[in-house]
Amino acid sequence: MYAIIVRENRKPPAGVVPTDAEEIELFDGVLAYAGTYTIDGDKVSHYVDLSWNQAWTGTTQVRQFKSEGKTLHLRSMPAKNPRDGKLSSSTLVWTKVE
């Protein structure tokens, strides 16, 4: 599995090569990781092989999930947010498009 999540309305750099400030802003607006997964009941465990945040590489990220028709809900377990260190939980909702 892999996930690439980007902040809405990210601004492109002014040129082909971003400035240091533009690069920081672009990086701050993305989260990505990939690996294998297993499912146990309503939980999916993502075994992270590579990640935007090297601290996640080699870890297991557990999510609760619920599938309803064409909609999939994924909720992270409460943990320290990798961006600000605050305890949080995030929910992502996907709708299948046909």
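Everything that follows concerns the structure shown earlier in this document.
### What about the overall build of the protein chain?
Along the protein chain, the regular secondary structure elements total 1 helix and 8 strands. When the helices and strands of the protein chain are listed from N to C terminus, the series reads β-α-β-β-β-β-β-β-β. Oriented by its inertia axes, the alpha-carbon framework of the protein chain measures out at about 45 × 35 × 25 Å. Taken across its 98 residues, the protein chain has 22% of its residues classed as buried.

### Let's talk about the side chain of glutamine 61
Structurally, glutamine 61 is set in strand E4 (residues 60–68). If we skip the residues at most four places from it in the chain, glutamine 61 touches Val44, Ser45, His46, Val48 and Trp56.

### A short note on a nonpolar patch on the surface
A contiguous nonpolar patch, built from Tyr2, Ile4 and Val6 and spanning about 370 Å² of accessible area, is present on the exposed surface. Within the secondary structure, valine 6 is located in strand E1 (residues 2–6). When its relative accessible area of 45% is taken as the criterion, valine 6 is described as partly exposed.

### What to know about the nonpolar core
Judged by nonpolar contacts, Ala3, Leu31, Ala32, Tyr33, Val48, Trp52 and Trp56 together constitute the single largest core of 7 residues. Here this core takes 3 residues from strand E2 (residues 30–40), the largest share from any one element. Those residues in contact with alanine 3, other than ones at most four positions away along the chain, are Leu31, Ala32 and Tyr33.

### A few points about the packing of aromatic side chains
Taken as a whole, this structure holds 3 aromatic pairs when the rule is applied. Taking the centre distance of 5.3 Å and the plane angle of 70° together, the rings of tyrosine 33 and tryptophan 56 count as edge-to-face. With tyrosine 33 in strand E2 and tryptophan 56 in the loop between strand E3 (43–51) and E4, this pair connects stretches of sequence that are 23 residues apart. When sorted by exposure, tyrosine 33 lands in the same class as tryptophan 56, which is buried.

Cut-offs and rules
- Residues numbered from 1 in each chain as written.
- Predicted model: local features only at pLDDT ≥ 70, side-chain atom pairs only at ≥ 80, totals over all residues.
- Heavy atoms only, no water.
- Helix = DSSP H or I, 4+ residues; strand = E, 2+ residues; numbered from the N terminus.
- Buried < 20%, exposed > 50% of the residue type's maximum accessible area, 1.4 Å probe, protein only.
- Contact = heavy atoms within 4.5 Å.
- Patch = residues over 30% accessible without salt bridge, like charges linked within 9 Å, V, L, I, M, F, W, Y side chains within 5 Å.
- Areas by Shrake-Rupley, 256 points an atom, 1.4 Å probe, with all protein chains shown as cover.
- Salt bridge = Lys/Arg side-chain N within 4 Å of Asp/Glu carboxyl O.
- Core = buried A, V, L, I, M, F, W, Y, C linked by side-chain atoms within 4.5 Å.
- Phe/Tyr/Trp six-rings, centres within 6.5 Å; stacked < 30°, edge-to-face > 60°.

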